[in-house]
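# Inside the fold
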Amino acid sequence: MRKITSSYIIKQGMKTNFNGRSAILLLTFILLAGNSIAQRYPGPLSPEESMKKLNVAKGYKVSLFASEPHVFDPVSLEFDEQGNAYVIEMPDYPYEVEPGKGHGRIRILKDTDGDGKIDQSIIFAENVTEATSMLPWKGGLIVTAAPNILYLKDTNGDGKSDTREILFSGFFQNNSEAQVTSLKLGIDNWIYANNRGQSGKVIYSKSPGATPVEVRGADFRFRLDRDVFELETGPGQFGQTIDDWGHRFFTENSIHLQQAVIPWRYTHRHAFMPSSKFNVTITDHEEIMFQEIPPAYWRSERSARRNRMFKEANLNRIEWAEDHFTGASGGTIYNGDALPQEFYGNIFTTDVSGSLIHRDILSPSETSPVLVAKRAESEKNREFIYSTDTWFRPVTFSVGPDGYLYILDYYRQHIETPVSIPDDLKAEMDFMAGSDMGRIYRLLPENGTYQGVKVDLKNATGLQLVDYLSHKNGWYRSNAHRLLLERQDKTVIPAVISLFSNSPDARTRLHALYVLEGLDALTEKIVKKSLLDSEPGVRENGIILAERYPKTIKLLIPMVNDPSKRVAMQAALSLGQFKGKKVIEALAEVIRKYGQNDWFRSAVISSEAGSSVEILNSLVQDNTFFSNEESWKLSFIQDLSNIIGARYNKEQFLAYLSTLSSEALSAANVQQAALKGLKAGLNKNESTKELAGQLNAGSMQDVSAGFQLLRKK
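Parameters at a glance
Residues numbered from 1 in each chain as written. Predicted model: local features only at pLDDT ≥ 70, side-chain atom pairs only at ≥ 80, totals over all residues. Heavy atoms only, no water. Helix = DSSP H or I, 4+ residues; strand = E, 2+ residues; numbered from the N terminus. Rg over C-alpha atoms; globule rule 2.2 N^0.38 Å. Buried < 20%, exposed > 50% of the residue type's maximum accessible area, 1.4 Å probe, protein only. Contact = heavy atoms within 4.5 Å. Areas by Shrake-Rupley, 256 points an atom, 1.4 Å probe, with all protein chains shown as cover. Lys, Arg positive; Asp, Glu negative; His and termini not counted. Charge placed at Lys NZ, Arg CZ, Asp CG, Glu CD. Salt bridge = Lys/Arg side-chain N within 4 Å of Asp/Glu carboxyl O. Polar contact = N/O pair within 3.5 Å; in protein donor to acceptor, adjacent residues only side chain to side chain. Arc of directions from axis to C-beta. Core = buried A, V, L, I, M, F, W, Y, C linked by side-chain atoms within 4.5 Å.

## Description of the overall build of the protein chain
Scanning the protein chain for helices and strands turns up 22 helices and 28 strands. Its C-alpha atoms give the protein chain a radius of gyration of 29 Å, near enough to 27 Å, the size a compact globule of 713 residues would have. With respect to the principal axes defined by its C-alpha atoms, the protein chain has extents near 95 × 70 × 55 Å. Here the protein chain holds 713 residues, and the buried ones make up 55% of them. Considering only intrachain contacts with a sequence separation of at least 6, the fraction spanning at least 24 residues in the protein chain is 63%. Total accessible area on the protein chain is roughly 30,300 Å²; 50% of this is exposed by carbon and sulfur atoms. Side-chain charges in the protein chain split into 82 positive and 86 negative, and the spacing between the mean points of these groups amounts to 3 Å.

## Some details on the pattern of salt bridges
Pairing of side chains with opposite charge becomes possible as their charged atoms draw close. Per the counting criterion, the structure on display carries 43 salt bridges. Put simply, Glu517 and Arg223 hold a salt bridge, and the shortest N to O gap is 3.1 Å. Highlighted residues: Glu517 in helix H10 (residues 506-518) and Arg223 in strand E15 (residues 219-223), separated in sequence by 294 residues. The same class applies to Glu517 as to Arg223, namely buried. Across the salt bridge formed by Arg477 and Asp244, the nearest N and O atoms sit 3.6 Å from each other. In this pair, Arg477 sits in helix H8 (residues 474-487) while Asp244 sits in the loop between strand E17 (240-242) and strand E18 (248-252), placing the two residues 233 residues apart along the sequence. Several salt bridges share partner residues, and in doing so they unite Arg223, Asp225, Arg226, Glu517, Asp520 and Arg548 into one network.

## A look at the side chain of Thr251
Its location among the elements puts Thr251 in strand E18. The buried category is assigned to Thr251, whose relative accessible area is 1%. Within the structure, Thr251 has its side chain in polar contact with the backbone oxygen of Phe238 (distance 2.9 Å). Thr251 has contacts with Gly236, Gln237, Phe238, Gly239, His256, Ala328, Ser329, Gly330, Gly331 and Thr349, leaving out every residue within four places of it along the chain.

## Concerning helix H9 (residues 493-502)
Think of an α-helix as 3.6 residues a turn; residues three or four steps apart then line up on the same face. Those residues of H9 lying buried are Ile493, Val496, Leu499 and Phe500. The buried residues of H9 occupy one face: seen down the axis, they fall within an arc of 120 degrees. For H9, the exposed residues lying more than 90 degrees away from the buried face are Pro494 and Asn502. Check the buried side of H9 and you find it contacts helix H7 (462-468), H10 and helix H11 (524-531).

## Notes on the nonpolar core
Counting residues in each nonpolar core, the largest one holds 141 residues, and the members touching the most others are Ile106, Val143, Ile440, Leu616, Tyr656, Leu660 and Leu710. Tallying contributions element by element places helix H15 (residues 581-594) first for this core, with 8 residues. Sequence-distant contacts of Ile440, that is, excluding residues within four places in its chain, are made with Ser63, Leu64, Phe65, Ala66, Val71, Pro74, Leu77, Val87, Leu109, Tyr406, Ile407 and Leu408. Core analysis: the next-biggest nonpolar cluster, separate from the first, contains 25 residues, Val180, Leu183, Tyr204 and Leu485 among them.

## Focus on the environment of Tyr468
Along the chain, the position of Tyr468 falls in helix H7. With a relative accessible area of 28%, Tyr468 lands in the partly exposed category. With 382 residues separating them along the chain, Tyr468 and Tyr86 place their C-alpha atoms 22 Å apart. Here Tyr468 is in contact with Leu457, Tyr476, Arg477 and Ala480, once residues within four sequence places are set aside.

## Notes on the side chain of Asn148
On the secondary structure map, Asn148 appears in strand E9 (residues 148-153). Its relative accessible area of 15% is what places Asn148 among the buried residues. Excluding residues that lie within four positions of it along the chain, Asn148 makes contacts with Val143, Ile166, Phe168, Ser169, Gly170 and Val180.

Right under this line is the structure:
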């Protein structure tokens, strides 16, 4: 948008030969229009003035860590093993640019006088188009920059990247709000990223002849130490975080917190699962937020128009312009040590449209393997941080080696893609206003003063890195873990084994367990010990690793009765990797004990064993199981029938029909659920669609006739 000034108007009047009266009238009109726009869209504030508009929960405050001219448009902040702060700048948003022609940058931020505030910056890399997240790796940075994942490194020590390698290519790139992003290193040595479920045929540079992997509908994960890549449950948008035990959470615009409940590798063991959604919203307070600024004029007007359209079309639908998450972003678990212990494990999420920061406290459920996210008591009617500066656009967070939580403020007048805004509203909006600004804040206790730290894990010995696995700040544990994985120094193995066996901190024991895995030093004995650990999170991961050791099955089977629901579900998932009568019986026990929970049922039927005729036979042997026709039991028989029908192995199919004819399954509701599931499954296979069409699926009145028809076919 061109800035309107009186000199501009007079010059234009002279060019068009306006007389003085006309020029004055035009000047008056345009100035009034300009004032109207200024009222709709206020101007920016200095960092100091903007900070005054921040309202932080009682007991806490923010300090300025960095601002323009040292940082612009920040979207990612990472600290390397020497404590160097790298920030990705994304000034081209919301417009698309050709690869290599954008203005995206990565800077190294410097605090030369040690006062905790950045006073110098170095451009590490330029023209990094669409870069949105990064992760330190082997002295360089892995960077998501659609359509690629890059590896950048400074090899001569001048602070500037001089190598640029494409690791992966083929990701979706047409919308910067739905691209590959949010790199995170998990406890399990895998690097996870969100893909928003977008289509793309992805190629790994280390496997040039391999068939491209289609990533539609999924997120993904990879290991550079093993040169492997696979799909992962999602889809997440901008914001992913992983807790101490490996549980993934992500954000998605109007859904501020979701958990990936069952990993992709289990839900795609066979191709016939009735459902394709294996993540869930975990908040107990819906998607309501406490916004202290009015919605932007364009948003309010657009929502009003859309709601009129919904009403005219008799649609039971409403679009919220305020007080509901619409721009959720950057979900991050705090695992530092500079804030009070009560904050450890909390998830912080932003909403860029509401200019606020939301906090959730995670807790296990007594009835489900899914965690529950709750507001803190002190934040029942307010957000943890909110601003009355409408340019405050918090996008994500980072936890530093100093243990503090860092807040990245994109600082823009508008934060929306133009393609979703009507032309008349868009005409008076400058989407680039603020592209020369950006702020990063540090969260501190209200009465505390900043305590800096000196970091040099780069020059630490292997044994020193092992010691850091016990640090109370998760930043040290994670980076020491990463460096041990990168170095592959086998001499530390005895020390890591000792740490696993003797550390009183369960988080440290789990780090040690996976460091051993990364060093190819894992043994059946160590895994068996992890299955007996006092901490549920260690047992859960031990079960995952036990899949590699068939002899551990004797320990795995009773773990379906573990007091932790998450551990019990993982036991059900992992047992599905094995075969045999005892596995069938254990999975049937899961259905009896936990079948009322959808996630446990999905865990069972995701495996070949758990979706077999044999599991139904095992349940039928208990003559009382189907005597009570609870709705969840009908759902189970319908889903199981769906899979049997879709698989259509004729021998298995006929055996299944034979079991369905047993006295224990003779109840009408059970029979109807089974036939409904069989028809749905048969419809998935082109060769059996005709058979499905012959079944009386409408009323299900003649169930026995339907079964007779299936037997004949």
